[in-house]
Amino acid sequence: MPSTAPSIDSSKPEIDPSQVVDVGVLKELAKRYLVDALNSVNGPKTLVLDPSLAGPLGLVTEVALLKQHGVDKMFWLEPGPLQATTTNIIYLCRPQVQWAKLIAEHVKQHTKESQNHVYTLLVVPRESSVVKRILEDEGVLGDIHISEYNLQFIPLEDDLISLEYDHAFKEIWLDGDETAVYNSAQALLTLQKIYGLFPRIIGKGDHAAKLKNLLKRLQSQSPRQAPGSHTLSEKIDSLFIIDRRVDMVTPLLTQLTYQGLVDELMGMTSGHVELPASLLAAPTAQQTPSASAAASTSAAGRTALTKEKKKKHHLTAANDTLFRDLRDLNFSVVGANLSRHAHRLDSEYQSRHQAKTVPQLKEFVGKLGGLQTETQSLKLHTGLCEIVDPQTKTEVFNKSLEIQQNLLALYDVNAQISAIEDLVAQGVDVAVVLRLLCLASIVAPGIKPKVFENLSREILQTYGYHYLPLLLNLSTLHLLTTQPLSPAAQSLKLPLSALKKSLRLLTEENETDNDISYVYSGYAPLSVRLVQCVAQKGALLAAPAPVGEEAGAVPKAKAPKTRSHPIVGWKGFEDVVASFPGEVFDVVQAPDGGATDSSANAVSVLLPREDTTTTVVFFLGGCTYTEVAALRWMASQMRGRRFLIATTGIIKGSSLIEDLATSL
Amino acid sequence: MKVYSIAILLVPSTGTQSTLLTSATDLSSFSFYQKGTVGEFLTFFSRTVAERTAPGQRQTVQENAYTAHVYNRGGSEQLAGVIITDAEYPVRPAFSLLAKVLEEFTAAVPQASYNPNPGLTPNSIAFAPLQQYIVKYQDPRQADTIMRVQQELDETKIILHKTIEGVLQRGEKLDNLVERSNNLSQQSKMFYKTAKKQNSCCVIA
């Protein structure tokens, strides 16, 4: 396969041994591939970019770097003629029909105008025959030099890496296009090349199993280039693959963590969120009058904020320690946390009055820079909370939450469906309605035919008939089904009642603080419970101590962290995990590239040489910020394990559903 | 704080009377009619304490509102210096001035002109620097290096405090943030909505 990228092993970057797994390596790799791809074209060039790549590229590089490597101007790849001043034009896009057509248009347009350009097309992450075919049909294939920019995992945080595929779920399950599975395998292969072979690969889901098989096959096919590329990893103890299809309930629910809510209500793309510019502006001398204006929490002040010009902000714990503390908390406690931070900052500032000697003053001034940054961050998050908070108090928001929680509890499902009808009658956002409806359909399971007919008609009449394809696609995916269930739907049925008991999916109010279910205020994400079956069995075998009055003599005292146990597969939960749809697998990889299913006698518990191991959890089809928070919470409860969360992309319920509106 | 007089005296070790060699006075704070009396008193005070200070010794003697700082330098010149100040004047600069003045006098004026000089009339040796010093040292903080540094330090601290305040004023009003975050924390509520608790017995599906 022709590639402009250098072979990985000959240019292995340095890994900091003190950090368990350094994901900075991946960013460097992505940057280097891009630079090499750009340098393959000599001279100044115009870069034409697929808008969906803007986010991922922004995480990997800056405009300055592009300019350094000869990029003169940048344009979006969009309809309309392209005015390029340089001879060289580089197109950077995903292998989609629309882009191929646009490129062909440009080339034909330029030929008509007798403009002479050298065209290079970099397909991300690899070439596609579809694109070639279209270019051929348009008669421009000969004019374009096609290559690839192998962009794989991009670090979103130091423990979260993503392929930034916006449509993976739809492509795999609705369109039947398994390119994303192949690309995921390639990306995981790269991880193995950098960090060593995954000693164990565990997972659940039919496509997860396909991914596992593909990964094994690619690994065995890959040439042995350097010693070390075929040895078991010392830092990673296993790879856990979760198939999104296995747990469709979790993404349908409203996320209740701080970052989750920001994503739900304001939308985050590639770690960026659009915020009113005043929240981000550094303070100026004229701050005083506007600060007192911002102090008022009146409706007038708030609408002024929403009308304000928006600016993109990269919300990451990398440069914002306050965000690191807040992002995974249940939103109901964020206010109290913010307040605590504010008071702490205040007393730090007040300490300047105690500074009497010059050295003390010097010390304070030394701290001043950091305090200013923290204050800026506090201002940002206080403002952000003030935007989010009122939206969590609306009737629709709370009604929707009530319906969700009642559905999960299987409490009077009929009444919940009536409540959903009411929401339709109120003209509530269609994504909200459809999420609730799919949830009802999954838990019931199936909606009574007459009710379903009524609802469908009301939805189409209220929101428009252009939603018909979406409803049909949801049915095709059996996310919306009627009773009695068809055989196909039956095979996908989630035995929720049984799972609620065996996996303790629902928890009481006084238990949630000590359990991953805090992310949904009482529901533990099924996907993460599966990870707990393998990586934190203790959490499931014994119910956590309830927090509160019953705790007795030691209120609020955190139990000492237990040492994490080594990964021994599904032991203890084999029945549970086999009880619902999706293939289950657990293979141990041998250093020479072979792999064996871990049967009873193959239990070689691989004791990692490091004190802390990393378990990679890969979500095929996307994961939510709440699932990320739940996994982080798990790691915080154990000594000796942390998680590296990998995903095809960050998803949320509304975008998941809306994405299904069209199909190939 | 004021310096009233600086005087350099010859104090013979034999114990005989001391002789005033040269002096400078600043009697501007006294009325015209008092000046004479005060001047005589200062001379008398200087001679007395000088005679009663052993060679190599330093003393500070207080007489009502007047404080005399004496340094008997001794040596072959048998010189002593006396500064008379008010009670407020800091001690250390006074003595450092005395040492300085005596050094300069020894270097500038030949010993023969006063020791021995049987025909010496009191206060007859011209030594101009004395008058300059008494003027300069009225404000010891300016004249004395160490005191000046200390004063600059204090001023710096005040400026630093003011600058920090200024910088903080420009920044986001923290009080405002504290208040707003308090509001947010009070309005928080848990997200538990379900009417049904897990433990209820009857489930109507």
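The rules we used
- Residues numbered from 1 in each chain as written.
- Chains lettered and ligands numbered in written order.
- Predicted model: local features only at pLDDT ≥ 70, side-chain atom pairs only at ≥ 80, totals over all residues.
- Heavy atoms only, no water.
- UniProt positions renumbered as here; feature names shortened; annotations may be inferred.
- Helix = DSSP H or I, 4+ residues; strand = E, 2+ residues; numbered from the N terminus.
- Contact = heavy atoms within 4.5 Å.
- Areas by Shrake-Rupley, 256 points an atom, 1.4 Å probe, with all protein chains shown as cover.
- Buried < 20%, exposed > 50% of the residue type's maximum accessible area, 1.4 Å probe, protein only.
- Pairing = 2+ DSSP bridges.
- Axes fitted to C-alpha atoms, helices over the stretch in contact; angles between N-to-C directions.
- Expected span 1.5 Å × (residues − 1).
- Salt bridge = Lys/Arg side-chain N within 4 Å of Asp/Glu carboxyl O.
- Polar contact = N/O pair within 3.5 Å; in protein donor to acceptor, adjacent residues only side chain to side chain.
- Parallel < 35°, antiparallel > 145°, perpendicular 65-115°, else oblique.
- Left-handed = near helix turned anticlockwise from the far one by under 90°.
- Nonpolar A, V, L, I, M, F, W, Y, C, P; charged D, E, K, R; others polar.
- Right-handed = clockwise from strand over helix to strand, strands pointing away.
- Phe/Tyr/Trp six-rings, centres within 6.5 Å; stacked < 30°, edge-to-face > 60°.
- Lys NZ or Arg CZ within 6 Å of the ring centre and 35° of its normal.
- Core = buried A, V, L, I, M, F, W, Y, C linked by side-chain atoms within 4.5 Å.

The name given to chain B in an unreviewed UniProt entry is Synaptobrevin homolog YKT6, with the source organism recorded as Exidia glandulosa HHB12029. Turning to chain B, the UniProt record has this under Sequence similarities (unreviewed entry): "Belongs to the synaptobrevin family." Listed in UniProt under the heading Subcellular location (unreviewed entry), the comment for chain B reads: "Cell membrane".

Naming follows an unreviewed UniProt entry, where chain A appears as Sec1-like protein of Exidia glandulosa HHB12029.

(A) Structural detail: the overall build of chain A. Along the backbone of chain A there are 28 helices and 18 strands. Of the contacts made within chain A by residues no fewer than 6 positions apart, 81% connect residues no fewer than 24 positions apart. Carbon and sulfur atoms form 55% of the exposed surface of chain A, whose accessible area is close to 27500 Å².

(B) Representation of the overall build of chain B within the structure. Assigned secondary structure in chain B consists of 6 helices and 5 strands. Counting the 205 residues in chain B, one finds 43% classified as buried. For chain B, the share of sequence-separated contacts (at least 6 apart) that also reach a separation of at least 24 residues comes to 56%. Within the structure as shown, chain B displays about 10900 Å² of accessible surface, and the carbon and sulfur contribution to it stands at 55%.

(C) Quick peek at the sheet that holds strand β2 (residues 19-25) of chain B. Residues and elements named next belong to chain B. Here 5 strands make up an open sheet; going across it, the order is β2-β1-β5-β4-β3 and the pairing antiparallel. On the outer flanks of this sheet lie β2 and β3 (58-63), each paired with one strand and no other. Pairwise comparison of adjacent strand axes, ignoring direction, gives a mean angle of 20° for this sheet. By the bridge criterion, 6 bridges tie strand β1 (residues 3-10) to β2 in an arrangement that is antiparallel. Within the sheet, the bridge partner assigned to S5 lies in β2 and is T25.

(D) Spatial organisation of helix α4 (residues 97-112) of chain A. All names here are of chain A. In a regular helix each residue adds 1.5 Å, so 16 residues correspond to 22 Å; α4 covers 23 Å between its end C-alpha atoms and thus fits that length. Where α4 is concerned, the buried positions are W99, A100, L102, I103, A104, H106, V107 and H110. Against β3 (88-93), β4 (118-123), α5 (129-137) and β5 (144-148) lie the buried residues of α4. Looking one or two places after α4, you find S114, whose phi comes out positive at around 60°.

(E) Expanded view of the pattern of salt bridges. Residues and elements named next belong to chain A. Inspection of every chain in the model, using the stated rule, returns 26 salt bridges over all chains. For E138, the salt bridge is made with K108, and the minimal N-O distance between the two is 2.6 Å. In this pair, E138 is assigned in the loop between α5 and β5 and K108 in helix α4, connecting sequence segments 30 residues apart. Counted as one network, the salt bridges with shared partners bring together E157, D159, R327, D328 and R632.

(F) Structural context of the side chain of T85(B). Residue and element names in this part refer to chain B. Among the secondary structure elements, T85 is positioned in strand β5 (residues 79-85). Of the polar contacts made by the side chain of T85, one reaches the side chain of H69; its length is 3.4 Å. Among residues more than four places away in sequence, those in contact with T85 are K2, V3, Y4, A65, Y66, T67 and H69.

(G) Just the environment of A87(B), in detail. Residues and elements named next belong to chain B. By secondary structure assignment, the location of A87 is in the loop between β5 and α2 (91-108). Spatially, the C-alpha atoms of A87 and A68 are 9.3 Å apart, while their sequence positions differ by 19 residues. Other than its neighbours up to four places away in sequence, A87 contacts Q62, A65 and T67.

(H) Region of the structure containing the packing of helix α17 (residues 395-408) of chain A against helix α18 (residues 413-425) of chain A. All names here are of chain A. Put simply, α17 and α18 touch, their axes get as near as 9 Å, and they point 155° apart. Of the possible angle classes, the one that applies to α17 and α18 is roughly antiparallel. Where α17 crosses over α18, the handedness of that crossing is left-handed. Seen from α17, the contacting residues are K399, E402, I403, N406 and L407; seen from α18, they are V413, Q416, A419, I420 and L423. Residue composition of the contact of α17 with α18, grouped by class: 6 nonpolar, 2 polar and 2 charged.

(I) Quick peek at helix α24 (residues 526-535) of chain A. In terms of burial, α24(A) is a largely internal element, 10 of the 10 residues being buried. Looking at α24(A), one finds that the buried residues are L526(A), S527(A), V528(A), R529(A), L530(A), V531(A), Q532(A), C533(A), V534(A) and A535(A).

(J) Main features of the pairing of β4(A). All names here are of chain A. For β4, the buried fraction is high: 5 of the 6 residues fall into the buried class. In this sheet, β4 lies alongside β3 in parallel orientation, the contact comprising 6 bridges. Its bridge partner lying in β4, C93 is registered against V123. Tracing the backbone out of β3, into α4 and back to the parallel element β4 gives a crossover that is right-handed. Pairing of β4 with β5 involves 5 bridges; the strand directions are parallel. Each bridged residue has a counterpart across the sheet, and for L121 the counterpart in β5 is I146. Handedness of the β-α-β unit built from β4, α5 and β5 comes out right-handed.

(K) A look at the packing of aromatic side chains. Applying the stated rule across the entire model yields 15 aromatic pairs over all chains. Ring centres of Y258(A) and F331(A) lie 6.2 Å apart, and the angle between their planes is 20°; this geometry places the pair in the stacked category. On the criterion of sequence distance, the pair formed by Y258(A) in helix α10 (residues 258-266) and F331(A) in the loop between α14 (321-326) and α15 (334-350) is long-range, its members being 73 residues apart. We note that Y258(A), like F331(A), is buried. When the centroid spacing of 5.5 Å and the interplanar angle of 45° are considered together, the rings of Y4(B) and F30(B) count as tilted. One end of the pair, Y4(B), is in strand β1; the other, F30(B), is in the loop between β2 and α1 (32-51), and 26 residues separate them in sequence. Both residues of the pair, Y4(B) and F30(B), belong to the buried class. We note K204(A) situated over the ring of F580(A); from NZ or CZ to the ring centre the distance is 4.4 Å.

(L) Quick look at the packing of α10(A) against helix α16 (residues 358-391) of chain A. Residues and elements named next belong to chain A. Running from amino to carboxyl end, α10 crosses α16 at an angle of 65°, the nearest separation of the two axes being 10 Å. Crossing of α10 against α16: the hand is left-handed. Of the residues in α16, those touching α10 at Y258, L261, V262, L265 and M266 are H381, L384, C385, I387, V388 and Q391. Residue classes in the contact of α10 with α16 are distributed as 9 nonpolar, 2 polar and no charged.

(M) Focus on unusual backbone geometry. Residues and elements named next belong to chain A. Put simply, A444 and P445 share a cis peptide bond, and its omega is -5°. As for its placement among the helices and strands, P445 is situated in the loop between α19 (430-443) and α20 (449-463). Between Q483 and P484 the backbone carries a cis peptide bond, its omega angle lying at -5°. Relative to the helices and strands, P484 is located in the loop between α21 (468-476) and α22 (487-491). With phi around 50°, S270 is a residue other than glycine that occupies positive phi space. With a phi close to 45°, R504 is a non-glycine residue in the positive phi region.

(N) Summary view of the environment of L253(A). Secondary-structure assignment places L253(A) in the loop between α9 (249-252) and α10. Along the backbone, L253(A) and E28(A) are 225 residues apart, and their C-alpha atoms lie at a distance of 36 Å.

(O) View of the nonpolar core. Counting 149 residues, the largest nonpolar core has L92(A), Y149(A), F153(A) and F643(A) as its most contacted members. Counting residues per element, this core draws most heavily on α19(A), which supplies 10 residues. With residues up to four places along the chain from it excluded, the contact list for F153(A) reads L26(A), I161(A), S162(A), L163(A), A187(A), L188(A), L191(A), F618(A), A646(A) and T647(A). One finds L380(A), C385(A), I164(B) and V178(B) within the second-largest nonpolar core, a separate group that totals 40 residues.

(P) Just the sheet that holds strand β2 (residues 71-76) of chain A, in detail. Residues and elements named next belong to chain A. Ordered by their spatial adjacency, 5 strands build an open sheet running β2-β1-β3-β4-β5, and the pairing between neighbours is parallel. Looking along the sheet, the strands with just one partner apiece sit at the ends: β2 and β5. Across the sheet, the mean angle from the axis of one strand to that of its neighbour is 20°, orientation sign disregarded. In the sheet, strand β1 (residues 45-49) pairs with β3 via 5 bridges, with the strands oriented parallel. Each bridged residue has a counterpart across the sheet, and for L49 the counterpart in β3 is L92. α4 contacts β3, β4 and β5 of the sheet and is inclined by roughly 165° relative to β3.

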